[in-house]
Amino acid sequence: MNVLIIGSGAREHALAWAVAKSERVNKVFVAPGNGGTALIGGKVCNLPLKATALEGLLEFAQSNHVDLTVVGSEHPLELGIVDLFRSAGKQVVGPTQAAARLESSKVFSKEFMRRQGIPTAGYHVFGDLNAARSYIEFPERVYPQVIKASGLCAGKGVFIALNRDEALKAISELFEERIFGNAADEVVIEDFLQGEEASVFALTDGTRYRLFLPAQDHKRIGNGDTGKNTGGMGAYAPAPLVTPEVLQKVEEQIIQPTLKGMVEEGYPYTGFLYVGLMIDHGEPSVVEYNARLGDPETQVVLPLLKSDFITALQASVQGSLGEVPFEMHRKSAATVVIASGGYPDHYETGKPITIADEVSGMDDCLVFHAGTSLEGGRLKTAGGRVFSVTALGDTLRESIDRAYLAVEKIGFDGAYYRTDIGAKAL
Ligand code: AMP
Ligand code: GLY
């Protein structure tokens, strides 16, 4: 069969790698892909089509016998790629536009959780500056308060306001300066949750679901979780924080009611469901939903999947997910992101990259590319996050050490990475 993967990050490189492993797959197209997916070769090739060029993607899928499309990133989902492909009779992994509102509209997701009794932070919704200001200025208001633009903001639309002044500044940036444009037409202000974060990923056909191993991301740019928020600087799985007891609560109190609620409300949820959790003394609540897999978490949860990925994906679109194997390796995985100097603020691109030859021969080590491009056979940096270097090991310690061994053999001008990925779990 032929598979189309949509997106250009390390997550999509990992998706392409996992799909291409299957003997059942003849061809893997990645649109637009990156330098890493260009270098895989064999059955994998890039397409010069943007992830948001829905009509072009459909036309390609129709005229090139694509049997299954996997949507990696959130924007095409928000634009309704799943509805479009389905209406043309093409099989696609992802939620419909209405169901993807679990990610694309924080107002929708918060109201949904309230209706369904799913644990999450208490919140209020505001449509203008004055209403938000009166709420913030209420004398008994306790800080921190968390202020979020409702729409998609590439993970940047969240402010943790430690006091009233920071909260007022945040709502002014959202409503007056409109730094996120229409994405902040509505703003959610929610209570600050204590605890530790983890991510749980499900693949679902709408009613049944299968879980990957729980993972933990490292969102801040600096060691010790300091500095600015990023797309994610590293991850590991399984996360010991998510004990079997916690996972059972996540399934019973969050995943099952989410899927059941979406069916009841008329927009069954299919594809990948990402549940971002805060776990406080063993009690999970939802920080956010995403309608896709996480990046960099995918780069650890996919290599830990032992069963054939494409078989599970196909079952998820055909409604037979209960009947296929979905087993995990009894190993740990860690991934370290190498970023361009300056990220997540201004950074330069076009830097030549060197990867020592021995890296390709390293056992249980996978170099996933994010912002790279291949120009005339030369690999160059092309984004903020450049690589996500994954290693597996019998223990978490082993996987971390192995990942760093490979990271040290990859170089470009200004390369930056955190040196403490996974340390908090050891
Ligand atoms: P989100 O985009 O909603 O995942 O928020 C980005 C990050 O902000 C999360 O990963 C958390 O670290 C933090 N965050 C969001 N909401 C809350 C909350 N209610 N309490 C504490 N931290 C939060
Ligand atoms: N790792 C965070 C995300 O994918 O949204």
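The structure presented is a predicted model; accordingly, all values stated were derived computationally and were not measured. (Residues numbered from 1 in each chain as written. Chains lettered and ligands numbered in written order. Predicted model: local features only at pLDDT ≥ 70, side-chain atom pairs only at ≥ 80, totals over all residues. Heavy atoms only, no water.)

Visitor: Hey, could you go over the nonpolar core for me, with residue numbers and the actual values?
Guide: Inside soluble globular proteins, nonpolar side chains tend to come together where they are buried. In terms of nonpolar packing, the biggest core is built from 47 residues, with I81 and Y289 touching the most fellow members. In terms of residue count, helix α10 (residues 244–264) provides more of this core than any other element does, seven residues in total. Setting aside its immediate chain neighbours within four residues, Y289 contacts L102, E103, S109, F112, M113, I118, T258, L273, Y274 and V275. By size, the runner-up hydrophobic cluster in this structure holds 46 residues, among which are V3, A10, A14 and A237. (Core = buried A, V, L, I, M, F, W, Y, C linked by side-chain atoms within 4.5 Å. Buried < 20%, exposed > 50% of the residue type's maximum accessible area, 1.4 Å probe, protein only. Helix = DSSP H or I, 4+ residues; strand = E, 2+ residues; numbered from the N terminus. Contact = heavy atoms within 4.5 Å.)

Visitor: So what about the site of ligand 2? Which residues, and what values?
Guide: Lining the immediate environment of ligand 2, one finds D217, G231, Y274, N290, R292, G294, D295, P296 and E297. Interatomic distance of 2.9 Å between a side-chain N/O atom of R292 and an oxygen atom of ligand 2. Here an oxygen atom of ligand 2 sits 3.0 Å away from a polar atom, N or O, in the main chain of D295. Alone, ligand 2 offers 200 Å² of accessible surface; in the complex the protein occludes 88% of this. Partitioning the shell around ligand 2 into residue classes produces two nonpolar, three polar and four charged. (Near = heavy atom within 4 Å. Polar contact = N/O pair within 3.5 Å; in protein donor to acceptor, adjacent residues only side chain to side chain. Areas by Shrake-Rupley, 256 points an atom, 1.4 Å probe, with all protein chains shown as cover. Nonpolar A, V, L, I, M, F, W, Y, C, P; charged D, E, K, R; others polar.)

Visitor: Account for the sheet that holds strand β16 (residues 271–280), naming residues and giving values.
Guide: Reading across the sheet, the four strands line up as β11-β10-β16-β17 and stay open at both edges, with antiparallel pairing between neighbours. If you trace the sheet from one side to the other, it starts and ends with β11 (209–211) and β17 (283–290), each paired once. Averaged over neighbouring strand pairs, the angle between their axes works out to 35° when direction is ignored. As judged from the three bridges shared by strand β10 (residues 196–204) and β11, these two strands associate in the antiparallel manner. Note that in β11 the partner of T204 across the bridge is Y209. (Pairing = 2+ DSSP bridges. Axes fitted to C-alpha atoms, helices over the stretch in contact; angles between N-to-C directions.)

Visitor: I'd like a rundown of the packing of aromatic side chains, residues and numbers included.
Guide: Per the counting criterion, the structure on display carries eleven aromatic pairs. Between W17 and F368, the aromatic rings sit 5.8 Å apart at their centres with planes inclined by 70°, giving edge-to-face as the arrangement. Of this pair, W17 sits in helix α1 (residues 10–20) while F368 sits in strand β20 (residues 365–369), and the two are 351 residues apart along the sequence. Among the aromatic residues, ring-to-ring pairing joins F212, F272, F309 and F326 into one connected group. One residue, R101, lies across the ring of F108, its end atom 4.1 Å from the ring centre. Of note, R101 hangs over the ring of Y267, and the distance from its end group to the ring centre comes to 4.9 Å. (Phe/Tyr/Trp six-rings, centres within 6.5 Å; stacked < 30°, edge-to-face > 60°. Lys NZ or Arg CZ within 6 Å of the ring centre and 35° of its normal.)

Visitor: Tell me about the site of ligand 1, and please be specific about residues and values.
Guide: In the neighbourhood of ligand 1, 15 residues make up the surrounding shell, with K148, E190, L193, E197 and E288 lying closest. Note that a nitrogen atom of ligand 1 is positioned 3.0 Å from one of the side-chain N or O atoms of K148. Separating an oxygen atom of ligand 1 from a side-chain N or O atom of E197 is a distance of 2.5 Å. Protein chains shield 91% of the accessible area of ligand 1, which is 470 Å² for the free molecule.

Visitor: Lay out the sheet that holds strand β12 (residues 216–217) with the relevant residues and their values.
Guide: Spatially, the five strands line up as an open sheet ordered β12-β15-β18-β23-β20, and their pairing is antiparallel. With one partner strand each, in any of the chains shown, β12 and β20 form the two edges of the open sheet. Relative to strand β23 (residues 385–393), strand β18 (residues 332–339) runs antiparallel, the two being bridged by eight bridges. In the sheet register, I338 faces β23, and the bridge partner there is F387. Contacts from α1 reach β20 and β23, with the element oriented near 125° to β20.

Visitor: So what about unusual backbone geometry? Which residues, and what values?
Guide: Cis geometry marks the peptide bond from D295 to P296; its omega dihedral reads 25°. Among the secondary structure elements, P296 is positioned in the loop between β17 and α11 (298–301). Across the junction of Y343 and P344, the peptide omega takes the value 10°, indicating a cis bond. Relative to the assigned elements, P344 resides in the loop between β18 and β19 (354–355). Residues other than glycine seldom take positive phi values, yet H281 does so here, at roughly 50°. A residue is classified by how much of its surface remains accessible, and H281, at 77% relative accessible area, is exposed. Here D364, not a glycine, exhibits a phi torsion of approximately 55°, which is positive. Take D364: it is sitting in the loop between β19 and β20. For D364, a relative accessible area of 33% puts it in the partly exposed group.

Visitor: Pulling in residues and values, what's your account of the packing of α1 against helix α12 (residues 309–318)?
Guide: Direction vectors running N to C along α1 and α12 enclose 100°, while the axes themselves pass 7 Å from each other. If you check the angle between α1 and α12, you find them roughly perpendicular. Seen from α1, the contacting residues are L15, A18 and V19; seen from α12, they are F309, I310 and L313. Its residues placed into classes, the contact of α1 with α12 shows six nonpolar, no polar and no charged. (Parallel < 35°, antiparallel > 145°, perpendicular 65-115°, else oblique.)

Visitor: Run through the side chain of T390, naming residues and quoting values.
Guide: Summarising the element assignment, T390 is placed in strand β23. According to the relative accessible area criterion, T390 is buried, its value standing at 0%. Among the polar contacts listed, one links the side chain of T390 to the side chain of T335, at a separation of 2.9 Å. Ignoring sequence-local partners within four residues, the contact set of T390 consists of Q299, P303, A334, T335, D364, C365, L366 and F368.

Visitor: How would you summarise the packing of helix α8 (residues 129–137) against helix α9 (residues 164–175) if you had to cite specific residues and measurements?
Guide: Closest axis-to-axis distance for the α8/α9 pair is 10 Å, and the angle between their directions is 170°. Taken together, α8 and α9 sit at an angle that is classed as roughly antiparallel. Together, L129, A132, R133, I136 and E137 of α8 and R164, A167, L168, I171, S172 and F175 of α9 make up the contact between the two elements. Of the residues assigned to the contact of α8 with α9, the class counts are seven nonpolar, one polar and three charged.

This is a description of form; function is not addressed.
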